[in-house]
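A structural walkthrough
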Amino acid sequence: MALYENSLVKGFLETRGRDFVNGEGEKIVLRGVGLGNWLLPEGYMWRFEGSRADRPRRIEAVIAEMTGAEYADQFWERFYDEYITEYDIKAIAGEGFNSVRLPINWRRVMKEGPGIHFIEEGFRRIDRCLDLCEKYRLYAFLDLHGAPGGQTGQNIDDSIDNMPRLFMDQDSYDKGVALWIEIAKRYKDRTIVGGYDLLNEPVRTPKDMGNVDHFTGSLSKFYTDCIREIRKIDKKHLFSLEGHHWATRLEIFDHRYDENMCIHFHYYWNPPELSLLAGYIDAGKRLNVPLWVGESGENTVEWFTAMFFMLDQQDISWNFWTWKKLDTVNSPYSINKPENYHLILDYINRGQHPGFEAAQKIFDEYLRNMKTENCVYNGLVTKQILRERTCHVPALAYDTMPGAGKSFSGVFAGENDTSYRKGDHMRFIPKSRKDGETREDNPWQSYNLLLTAGEWADYTVRNSGGGAFTVSALLAPCACNSVIEIFVNGMSAGIVPVRDGTGYYRQKCREAVSGSLATIRIKPVSGSVIVDTVYFE
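The structure displayed is predicted, hence computed values, not measured ones.

Glancing now at the overall build of the protein. Looking only at helices and strands, the protein features twelve helices and 24 strands. Over its C-alpha atoms, taken along the principal directions, the protein stretches across nearly 80 × 55 × 45 Å. Evaluated residue by residue, the protein yields a buried proportion of 60% over its 537 residues. Put simply, 73% of the contacts in the protein that link residues at least 6 apart link residues at least 24 apart. Across the protein, the centroid of the 64 positively charged side chains sits 3 Å from that of the 75 negatively charged ones.

So, in structure tokens, the structure goes:
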């Protein structure tokens, strides 16, 4: 049985050494998606630029300015009730994911101001989502994305003044602990809750509006205090703990905070490079706990297929960010822009007020458009994330495992002039053609893979839907009379002559490939060839 099937979603999720296991002790690798922009709206997902509407409290303020307070109240009620529905949860499970991460803004479940007062309507929405996750078999991680006062000191935590006041003000700290106690009371018996993600991306980097690293000790204390209080109530649920600097640093992981915990880190804007994960892998081994990449995405589809399959090959669990947003090509679903939406954007950029009636009409349309059944389905995104048939794979994203001599030849004695996969001893050559903007996190925009006789590279693809598919490659010869041999799952599938001449062309390599998982090897038997992209269709 595959390690990520929905059928494995049963019973309390827990850790066993460096693995996650379900309630029956079966190993499961998490492959999930984040429900971003629902209970904590983020300005960039609305195409809002600048700081005026970059976080929930500011988005709320400008919408009220444009539409009036009464309309704004009604708008938000519909937004929170309809942004994520059964259609979404069913679709997420249907795509092949087995978990979701549910970002929560504390103001949705807890009142601002003196005292500890909870908001039942906010918990009702969480309950409804959990009920649907039970129905469609998705573990749901409760993620405190915006803690009382803010844990990051940036827009993503809904902070008031870009300071992590969770660690500065005693009232905020006490509210944060009290909220987790309340969550534990409510959900201690719910097996569909995969775990408690105590804080999202705490304590920003020094370059973001000043150094707040002195709060790192308070972060560790907050984790300790919350876990101590939760364990008085809830002995079962695992803890997902993130380091400081946008969940990238490991200094706080000098000990295990609980016997049932994982190290949770985020990975953005870097190459999908195994060597960059070494510190996290070492920390997981040192503490004997699993790793979870709780957020990664916001990149190109080629990056997705390289990154997430690399994590799969390391048995590292992950969660894609994010399920949908406005006018996008790199989320599974894209919300259509309402007509005249530019009037909203202009006002946020200090332009003219669109008029109350006009603004209300635009936001009415947004509410209709945001329903996933009315969105644009970017089907390729999920195929690339899951490395499923109909995806395409950059040549440089050959299989990382089981390693040199097995999934790639690794015999090149020279040095590439790029740091990407430096120790693999494979030959990368600069592209002579232009593919648009060159990005360091997408190294295949600048380099292709050169294979000579005796060298090879493997590319694995999933075919969950069954049926036969065709493999082709975008390549160019480096010598006349070059010939490549194609292998499928270790067996030779035939010889393919490479067209002489100059320039890249699409070469069909193999037809009628079948099976739920196939590994394709491209191996020159004479001459040499440059490989750009491998297609599975």
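And the narrative resumes.
Here the focus is helix 1 (residues 56–67). End to end, helix 1 covers 16 Å across twelve residues, agreeing with the expected 16 Å (1.5 Å per residue, within 8%). Of all the positions in helix 1, only Pro56, Ile59, Glu60, Val62, Ile63, Met66 and Thr67 are classed as buried. Contacts made by the buried residues of helix 1 are with helix 2 (69–82), strand 5 (99–105), helix 10 (341–348) and helix 11 (356–370). Count one or two residues on from helix 1 and you reach Gly68, which has phi positive near 95 degrees.

Moving on: the sheet that holds strand 14 (residues 376–377). Ordered by their spatial adjacency, three strands build an open sheet running 12-13-14, and the pairing between neighbours is mixed. Each of the sheet's edge strands pairs with one partner strand only, and the pair in question is strand 12 (324–326) and strand 14. Of the pairings in the sheet, the one linking strand 12 to strand 13 (residues 333–335) comprises three bridges and is parallel in character. Bridge pairing links Leu326 to Ile335 in strand 13.

Within the open sheet, the three strands sit side by side as 1-2-3. Their pairing is antiparallel. Two strands close off the open sheet at either side, each with one partner strand: strand 1 (14–16) and strand 3 (27–28). Bridge count for strand 1 against strand 2 (residues 19–21) is three bridges, and the pairing is antiparallel. Residue Thr15 lies in a different strand from strand 2, and its bridge partner there is Phe20.

Turning next to the packing of aromatic side chains. Here the structure, examined in full by the defined rule, presents 38 aromatic pairs. Where Phe304 meets Phe320, the ring centres are 5.0 Å apart and the plane angle is 85 degrees; that geometry is what we call edge-to-face. Within this pair, whereas Phe304 is found in helix 9 (residues 301–313), its partner Phe320 is found in strand 11 (residues 317–321), the two being separated by 16 residues in sequence. Taking relative accessible area as the criterion, Phe304 reaches 0% and is therefore assigned buried. By relative accessible area, which is 0% here, Phe320 ends up buried. These aromatic residues form a ring-pair network of at least three members: Trp46, Phe48, Tyr71, Phe75, Trp76, Phe79, Tyr80, Tyr83, Tyr341, Phe363 and Tyr366. Across the ring face of Tyr83, the terminal group of Lys324 is positioned such that the distance to the ring centre comes to 4.3 Å. A cation sits over an aromatic face here: Arg421 above Phe408, 5.9 Å from the ring centre.

With that out of the way, let us pick up the side chain of Arg108. Inspection of the secondary structure puts Arg108 in the loop between strand 5 and helix 4 (120–136). When its relative accessible area of 18% is taken as the criterion, Arg108 is described as buried. At 3.4 Å, the side chain of Arg108 forms a polar contact with the side chain of Tyr80. Leave out the neighbours within four places in its chain, and Arg108 touches Leu39, Glu60, Tyr80, Ile119 and Gly122.

What follows is about unusual backbone geometry. A cis amide bond, omega 0 degrees, links Trp321 with the succeeding residue Thr322. As for its position among the elements, Thr322 is in the loop between strand 11 and strand 12. With an omega of 10 degrees, the peptide bond running from Met401 to Pro402 counts as cis. Within the element layout of this structure, Pro402 appears in the loop between strand 15 (392–394) and strand 16 (427–430). If you check the backbone angles, Thr390 has positive phi at about 85 degrees while not being a glycine. Structurally, Thr390 can be placed in the loop between helix 12 (379–386) and strand 15. Owing to a relative accessible area of 42%, Thr390 belongs among the partly exposed residues under this scheme.

The next subject is the packing of helix 5 (residues 170–187) against helix 6 (residues 216–231). Relative to each other, helix 5 and helix 6 sit at 35 degrees, their axes nearing to 9 Å. For the element pair helix 5 and helix 6, the recorded crossing hand is right-handed. Residues Tyr173, Gly176, Val177, Trp180, Ile181 and Ala184 of helix 5 form the contact with helix 6, whose participating residues are Ser218, Lys221, Phe222, Asp225, Cys226, Glu229 and Ile230. Of the residues in the contact of helix 5 with helix 6, the class split is eight nonpolar, two polar and three charged.

On to the nonpolar core. Trp46 and Tyr196 are the most contacted members of the largest nonpolar core, which has 164 residues in total. Once residues within four sequence positions are removed from consideration, Tyr196 is found in contact with Leu142, Trp180, Ile183, Ala184, Tyr187, Lys188, Ile230, Asp234, His237, Leu238, Phe239 and Ser240.

Right, let's talk about the pattern of salt bridges for a bit. For the coordinates displayed, the defined rule picks out 52 salt bridges. Ionic pairing is found between Asp169 and Arg165, a salt bridge with its closest N-O pair at 3.3 Å. By relative accessible area, Asp169 is classed as partly exposed at 27%. In this structure, Glu537 engages Arg506 in a salt bridge whose closest nitrogen and oxygen atoms are separated by 2.9 Å. With Glu537 in the segment after strand 24 (528–536) and Arg506 in strand 22 (residues 505–513), this residue pair connects regions lying 31 residues apart in the sequence. By relative accessible area, Arg506 is classed as partly exposed at 40%. Salt bridges here are not isolated pairs; linked through shared partners, they connect Arg57, Glu60, Arg107, Arg108, Glu112 and Asp158.

Across all of its chains, the model carries zero disulfides by this definition. In this structure Cys262 is a free cysteine whose sulfur lies 16 Å from that of Cys226, the closest cysteine sulfur available. Looking at Cys478, it has no disulfide partner, and the nearest cysteine sulfur is the one in Cys480, 11 Å off. Looking at Cys478, the relative accessible area reads 39%, which means it is partly exposed.

What counts and how
Residues numbered from 1 in each chain as written. Predicted model: local features only at pLDDT ≥ 70, side-chain atom pairs only at ≥ 80, totals over all residues. Heavy atoms only, no water. Helix = DSSP H or I, 4+ residues; strand = E, 2+ residues; numbered from the N terminus. Buried < 20%, exposed > 50% of the residue type's maximum accessible area, 1.4 Å probe, protein only. Contact = heavy atoms within 4.5 Å. Lys, Arg positive; Asp, Glu negative; His and termini not counted. Charge placed at Lys NZ, Arg CZ, Asp CG, Glu CD. Expected span 1.5 Å × (residues − 1). Pairing = 2+ DSSP bridges. Phe/Tyr/Trp six-rings, centres within 6.5 Å; stacked < 30°, edge-to-face > 60°. Lys NZ or Arg CZ within 6 Å of the ring centre and 35° of its normal. Polar contact = N/O pair within 3.5 Å; in protein donor to acceptor, adjacent residues only side chain to side chain. Axes fitted to C-alpha atoms, helices over the stretch in contact; angles between N-to-C directions. Left-handed = near helix turned anticlockwise from the far one by under 90°. Nonpolar A, V, L, I, M, F, W, Y, C, P; charged D, E, K, R; others polar. Core = buried A, V, L, I, M, F, W, Y, C linked by side-chain atoms within 4.5 Å. Salt bridge = Lys/Arg side-chain N within 4 Å of Asp/Glu carboxyl O. Disulfide = S-S within 2.5 Å.

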